[in-house]
Amino acid sequence: MSDQDFDIMKEFAYLFKSVQPQKLPFLEDGLDDATLVLLATSLVDELLKIALVAGFHKNAVSRRRIEDVFTGHGPLATFSAKISVSSLLGLTTANVRHDLTILRKIRNDFAHSHQQLHLNDFANCLSLKLISKLNIADKSENRTRFKHSCAAIIGQLATATLIRNAQYRFISKNAEGVTREYETMLKEASEIDDAPHE
């Protein structure tokens with residue numbers, strides 16, 4: 001596979017197989033809280049990446065460029081950066097952004113703790129807003145809310161990714177219409193009054 005071989009739909013299809021409601025790895029029975037948190041947020045993080053990449057210009061995307069952007073000191077290497085940019089691009093709703101911010105804090109606490117943590121100690125789990133359509137029950141309300149939020153976010157990010165791909169395909173297939181609209185917009189822009197507005 002060459003550096004240029006990056007097909008977003010193949011990447012999404014591969015990931016999509018692991019995000020089917022009946023296959024979400026963090027919904028398995030018997031997981032301790034740390035495993036649950038890290039599995040769920042890693043999957044959400046990866047879907048944020050895929051949703052963002054879906055909006056990149058197809059001819060400019062390569063594995064090397066994706067790696068440069070999303071790893072190490074790349075501009076979108078952190079969970080926080082992906083959350084911010086996806087929000088600015090309209091990939092997430094206000095409730096998704098709200099929950100992602102809470103999930104990020106919880107993940108950071110679990111990832112950097114030298115002690116065993118428990119979701120029951122995180123009151124902000126009860127502030128999570130999203131509820132998935134899945135039948136999720138767990139031993140604690142905090143774990144249940146955490147799982148619901150992650151599952152709902154995954155569903156919304158998968159949808160956003162497919163919509164972005166559909167938009168790109170539509171634009172590509174209707175290049176003449178896009179060019180006509182571009183020319184109309186240029187004409188309209190040239191006719192706008194240049195006087196400063198107060």
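Quantities reported herein were computed from a predicted structural model and do not represent experimental measurements.

Draft legend 1. Region of the structure containing the side chain of Ser62. Counting through the fold element by element, Ser62 comes out in the loop between helix H2 (33–53) and helix H3 (63–70). Engagement of the side chain of Ser62 in a polar contact is seen with the backbone nitrogen of Arg65, the distance being 3.2 Å.

Draft legend 2. Focus on the packing of H2 against helix H4 (residues 79–88). Running from N to C, H2 and H4 cross one another at 45°; their axes reach a closest spacing of 10 Å. Accordingly, the angle class assigned to the pair H2 and H4 is oblique. Viewed along their axes, H2 and H4 form a crossing whose handedness is left-handed. Of the residues in H4, those touching H2 at Thr41, Val44, Asp45, Leu48, Lys49 and Leu52 are Phe79, Lys82, Ile83, Val85 and Ser86. Looking at side-chain class alone, the contact of H2 with H4 contains six nonpolar, two polar and three charged residues.

Draft legend 3. Structural view of the packing of H2 against helix H5 (residues 94–112). Running from amino to carboxyl end, H2 crosses H5 at an angle of 130°, the nearest separation of the two axes being 10 Å. Between H2 and H5, the angle falls in the class oblique. Read as a crossing pair, H2 and H5 show a hand that is left-handed. Across from Asp33, Ala34, Val37, Leu38, Thr41, Ser42, Val44, Asp45 and Leu48 in H2, the residues of H5 making contact are Leu100, Leu103, Ile106, Arg107, Phe110 and Ala111.

Draft legend 4. Quick look at the environment of Ala77. Residue placement: Ala77 occurs in the loop between H3 and H4. Distance in space between the C-alpha atoms of Ala77 and Lys49 is 9.2 Å, their sequence separation being 28 residues. Those residues in contact with Ala77, other than ones at most four positions away along the chain, are Val69, Phe70, Thr71, Gly72 and Lys82.

Draft legend 5. Looking closely at the confidence of the model for the protein chain. Residues at a pLDDT of 70 or more form 89% of the protein chain, whose mean pLDDT is 87. Predicted confidence in the protein chain is weakest over helix H1 (residues 8–17), with a mean pLDDT of 70, and strongest over H5, with 97.

Draft legend 6. Representation of the nonpolar core in the model. By size, the foremost hydrophobic cluster in this structure holds 42 residues, and its most contacted members are Phe26, Val44, Leu100, Ile106, Leu119, Phe146 and Ile153. Of all the secondary structure elements, the ones that give two or more residues to this core are H2, H3, H4, H5 and helix H6 (141–173). Ranked by residue count, the leading element in this core is H2, at eleven residues. Sequence-distant contacts of Leu100, defined by excluding residues within four places in its chain, comprise Val44, Leu48, Phe79, Ile83, Thr92 and Ile153.

Draft legend 7. Structural detail: the packing of aromatic side chains. The final tally for this structure, using the stated rule, is two aromatic pairs. On the numbers, 6.2 Å between centres and 25° between planes, the contact of Phe56 with Phe70 is stacked. Highlighted residues: Phe56 in the loop between H2 and H3 and Phe70 in helix H3, separated in sequence by 14 residues. The buried category is assigned to Phe70, whose relative accessible area is 7%. Summarising the aromatic geometry, the rings of Phe110 and Phe122 are spaced 5.4 Å apart at their centres and angled 25° between planes, so their arrangement reads as stacked.

Draft legend 8. Seen up close, a nonpolar patch on the surface. A surface patch of nonpolar side chains, amounting to about 290 Å² of accessible area, comprises Phe170, Ile171 and Val178. Mapping Ile171 onto the fold places it in helix H6.

Draft legend 9. Molecular detail of H4. For H4, the set of buried residues is Phe79, Ala81, Lys82, Ile83 and Ser86. Summarising the contacts, the buried residues of H4 are in contact with H2, H3 and H5. Trailing H4 by a residue or two, Gly90 shows a phi angle of about 80°, which is positive.

What counts, and where the lines are drawn
- Residues numbered from 1 in each chain as written.
- Predicted model: local features only at pLDDT ≥ 70, side-chain atom pairs only at ≥ 80, totals over all residues.
- Heavy atoms only, no water.
- Helix = DSSP H or I, 4+ residues; strand = E, 2+ residues; numbered from the N terminus.
- Polar contact = N/O pair within 3.5 Å; in protein donor to acceptor, adjacent residues only side chain to side chain.
- Axes fitted to C-alpha atoms, helices over the stretch in contact; angles between N-to-C directions.
- Parallel < 35°, antiparallel > 145°, perpendicular 65-115°, else oblique.
- Left-handed = near helix turned anticlockwise from the far one by under 90°.
- Contact = heavy atoms within 4.5 Å.
- Nonpolar A, V, L, I, M, F, W, Y, C, P; charged D, E, K, R; others polar.
- pLDDT = per-residue confidence, 0-100.
- Core = buried A, V, L, I, M, F, W, Y, C linked by side-chain atoms within 4.5 Å.
- Buried < 20%, exposed > 50% of the residue type's maximum accessible area, 1.4 Å probe, protein only.
- Phe/Tyr/Trp six-rings, centres within 6.5 Å; stacked < 30°, edge-to-face > 60°.
- Patch = residues over 30% accessible without salt bridge, like charges linked within 9 Å, V, L, I, M, F, W, Y side chains within 5 Å.
- Areas by Shrake-Rupley, 256 points an atom, 1.4 Å probe, with all protein chains shown as cover.
- Salt bridge = Lys/Arg side-chain N within 4 Å of Asp/Glu carboxyl O.

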